[in-house]
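Fold and geometry: a report
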Amino acid sequence: MTIRVLLADDQALLRSAFKVLVDSEPDMEVVGEAPDGDGAVALARSTRPDVVLMDIRMPGTDGLAATRMITADPELADVRIVMLTTFEVDEYVVQSLRAGASGFLGKGAEPEELLGAIRIAHAGEALLSPAATKGLIASFLAQGPAEDTAATPGGARTERLAALTAREREVLVLVAGGLSNDEIAERLDVSPLTVKTHVNRTMAKLGARDRAQLVVTAYESGLVRPRVE
């Protein structure tokens with residue numbers, strides 16, 4: 001299966017470098033390039049990529065706004081977005097996760113990291129840059145959205161926590177802790193397939209696109225709280 005990738009960045013030279021890298025992989029291909037957010041949304045709708053590499057800061061419609069538009073479109077529900085940022089510690093990182101991005105990566109990442117990020121996002125896993133600690137992300141998420149959570153998609157997902165079974169809540173906490181399905185299976189003494197079933201049911205009940213959104217919900221709801229180092 002070929003992973004279809006859309007590149008969105010206002011720097012033409014950087015897009016060219018990413019295209020050469022992505023197209024060099026036998027299981028990937030670049031299906032479009034956009035210099036701004038509006039172009040990214042239009043190309044996402046016309047090309048239906050599997051993964052979008054989205055720069056956070058672009059002129060006009062930025063990557064954050066474009067991500068919101070893509071994730072809000074039911075016809076693009078299967079599109080995964082990896083945000084690219086120049087600065088690892090960036091307030092827009094968490095806003096991106098709340099907007100529906102699967103994770104983020106610094107522009108200074110090694111080629112192998114970028115390719116790995118595409119594959120991870122395509123698989124529906126949560127992606128956090130190795131340079132960004134889970135504690136940092138947890139701290140940002142724990143601040144909560146600026147507006148009333150009850151009126152936001154995140155707040156709506158929080159209310160749905162009541163629909164989760166005790167085991168699904170347990171799995172959600174472990175997912176928020178960064179554990180893989182295999183690690184959760186070992187912790188709970190069940191099969192990885194059973195864990196996958198719990199994760200899928202939890203995502204369905206919370207309206208989450210992928211594991212990254214489960215992490216956001218776990219922290220924003222208070223089910224999981226950041227550790228103070």
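Fair warning: this is a prediction, and the values are worked out from it, not measured in the lab.

Once that is clear, we can look at the overall build of the chain. Helix and strand counts for the chain stand at eleven helices and five strands. The 229 residues of the chain split such that 47% are buried. Roughly 10900 Å² of accessible area belongs to the chain as shown, and the carbon and sulfur atoms make up 53% of that amount.

A word on the packing of helix α8 (residues 166-176) against helix α10 (residues 192-206). Axis angle and axis distance: for two packed helices, these are the angle between their axes and the distance between the axes, and together they describe the pair. Here α8 crosses α10 at 95°, and the two axes come no closer than 9 Å. As summarised for this structure, α8 and α10 are arranged roughly perpendicular, according to the angle between their axes. Taken together, the residues of α10 that come into contact with α8 (itself represented by Arg167, Glu168, Val171, Leu172 and Val175) are His198, Val199, Arg201, Thr202, Lys205 and Leu206.

To continue, consider the sheet that holds strand β2 (residues 28-34). With parallel pairing, the five strands of this open sheet are ordered in space as β2-β1-β3-β4-β5. Every interior strand has two partners, whereas the edge strands, β2 and β5 (103-106), have only one. Each adjacent strand pair in this sheet contributes to an overall mean axis angle of 25°, direction not counted. In terms of strand pairing, strand β3 (residues 51-55) meets strand β4 (residues 80-85) through five bridges, oriented parallel. Looking at β4, one finds that Leu53 is bridged to Val82. Along the sheet face, helix α1 (residues 12-23) touches β1 (3-8), β2 and β4 and points at about 160° away from the line of β2. With respect to the sheet, helix α3 (residues 63-72) is in contact with β3 and β4, its orientation differing from that of β4 by roughly 175°.

Where a strand is regular, its side chains alternate between the two sheet faces. Where burial is concerned, the two faces of β5 agree: the one with Gly103 and Leu105 and the one with Phe104 and Gly106 are both buried. As defined by bridge partners, β4 adjoins β5 across four bridges and the pair is classed as parallel. When the sheet's bridge partners are listed, Thr85 is paired in β5 with Gly106.

Of the residues in the chain, 81% reach a pLDDT of 70 or more, and the chain-wide mean stands at 82. The low-confidence segment residues 129-133 (pLDDT under 50) makes nine contacts with residues lying over four places distant or belonging to another chain. Low pLDDT, under 50, characterises residues 146-154; the predicted model gives this stretch seven contacts beyond four residues in sequence or across chains.

In this section: the side chain of Arg209. Checked against the element boundaries, Arg209 lands in the loop between α10 and α11 (211-220). Ignoring any residue separated from it by four or fewer positions in sequence, one finds Arg209 in contact with Thr71, Leu76, Ala77, Val79, Arg80, Gly100 and Met203.

This paragraph deals with helix α9 (residues 181-188). Where α9 is concerned, the buried positions are Asn181, Ile184, Ala185 and Leu188. Within α9, the buried residues cover an arc of 100° as seen down the axis, which keeps them to one side. Across α9 from its buried face, at more than 90 degrees, point the exposed residues Asp182, Glu186 and Arg187. Structurally, α9 contributes buried residues whose contacts are with α8, α10 and α11.

Thresholds, definitions, all that
Residues numbered from 1 in each chain as written. Predicted model: local features only at pLDDT ≥ 70, side-chain atom pairs only at ≥ 80, totals over all residues. Heavy atoms only, no water. Helix = DSSP H or I, 4+ residues; strand = E, 2+ residues; numbered from the N terminus. Buried < 20%, exposed > 50% of the residue type's maximum accessible area, 1.4 Å probe, protein only. Areas by Shrake-Rupley, 256 points an atom, 1.4 Å probe, with all protein chains shown as cover. Axes fitted to C-alpha atoms, helices over the stretch in contact; angles between N-to-C directions. Parallel < 35°, antiparallel > 145°, perpendicular 65-115°, else oblique. Contact = heavy atoms within 4.5 Å. Pairing = 2+ DSSP bridges. pLDDT = per-residue confidence, 0-100. Arc of directions from axis to C-beta.

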